[in-house]
Amino acid sequence: MSVLYLLLTLAFAGVLLVLLARPAARAGIVWGLAALLPLLAAMTGALSVQARSARTLAAYPAAPVTLTISDGIFKRAVVLDFMDAACVERAVRLRSEAILTTPGGPLRLGAESQVEGALPPQSVVEALTLRGELNCPNLKAVQGDKK
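Definitions and cut-offs
Residues numbered from 1 in each chain as written. Predicted model: local features only at pLDDT ≥ 70, side-chain atom pairs only at ≥ 80, totals over all residues. Heavy atoms only, no water. Helix = DSSP H or I, 4+ residues; strand = E, 2+ residues; numbered from the N terminus. Buried < 20%, exposed > 50% of the residue type's maximum accessible area, 1.4 Å probe, protein only. UniProt positions renumbered as here; feature names shortened; annotations may be inferred. Core = buried A, V, L, I, M, F, W, Y, C linked by side-chain atoms within 4.5 Å. Disulfide = S-S within 2.5 Å.

1. Comments concerning the environment of Trp31
Item 1. Summarising the element assignment, Trp31 is placed in helix H2 (residues 27-58).
Item 2. Residue Trp31 is classed as exposed on the basis of its relative accessible area of 63%.
Item 3. Trp31 sits 15 residues away from Leu16 along the chain, and the two C-alpha atoms are 9.2 Å apart.

2. Some words on the UniProt feature "transmembrane region" (unreviewed entry) in the chain
Item 1. UniProt tags residues 31-49 as "transmembrane region" (unreviewed entry).
Item 2. Annotation note: span residues 31-49, helix share 100%, strand share 0%, distance between end C-alpha atoms 28 Å.

3. Thoughts on the nonpolar core
Item 1. In this structure, Leu67, Ile69, Leu80, Leu100, Leu109, Leu134 and Leu139 are the most contacted members of the largest nonpolar core, which totals 23 residues.
Item 2. Among the secondary structure elements, those contributing two or more residues to this core are strand S1 (65-70), strand S2 (75-80), helix H3 (82-93), strand S3 (98-102), strand S4 (105-109) and helix H4 (122-130).
Item 3. Sort the elements by how many residues they give to this core and H3 lands first, with six residues.
Item 4. Among the nonpolar cores identified, the runner-up in size contains five residues, and Leu16, Val30, Leu33 and Leu37 belong to it.

4. So, the state of the cysteines
Item 1. Scanning the model with the defined rule gives one disulfide in all.
Item 2. Across the disulfide from Cys87 sits Cys136; the S-S distance is 1.9 Å. Taking the sign of the S-S torsion, about -90° here, the bridge from Cys87 to Cys136 comes out left-handed. Of this pair, Cys87 sits in helix H3 while Cys136 is found in the loop between H4 and strand S6 (139-141), placing the two residues 49 residues apart along the sequence.
Item 3. A relative accessible area of 2% places Cys87 in the buried class.

And the structure:
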């Protein structure tokens, strides 16, 4: 689909160039084509990113993950589903202060948190985010103290 939009964008750009080369080109047509080009370029880029995200997600198995999370005081082994593990990866990478709700009780994630185990790769988490599929109901952000 993105190839179709790319070809359409190039065709519109070519027609616009041909019309601009002619001195008798109608202003309304030139204006319309010029206004349509950024929209087509944006659609081409968005569809390309969506397709790349779909390929990234298809190559990674969505399986439960066993992690050992240490919040500085407690160290606990937890089994998380794929989405919760992706949420933990993003929180740890971004050094977010958050509370992870687990069957064994809540775990605090922060700058001093240590996570051992195989988290989903950053590219997979970013692909989920780009597609709007990353849902984190078990991870709640904690408002930090402002000093």
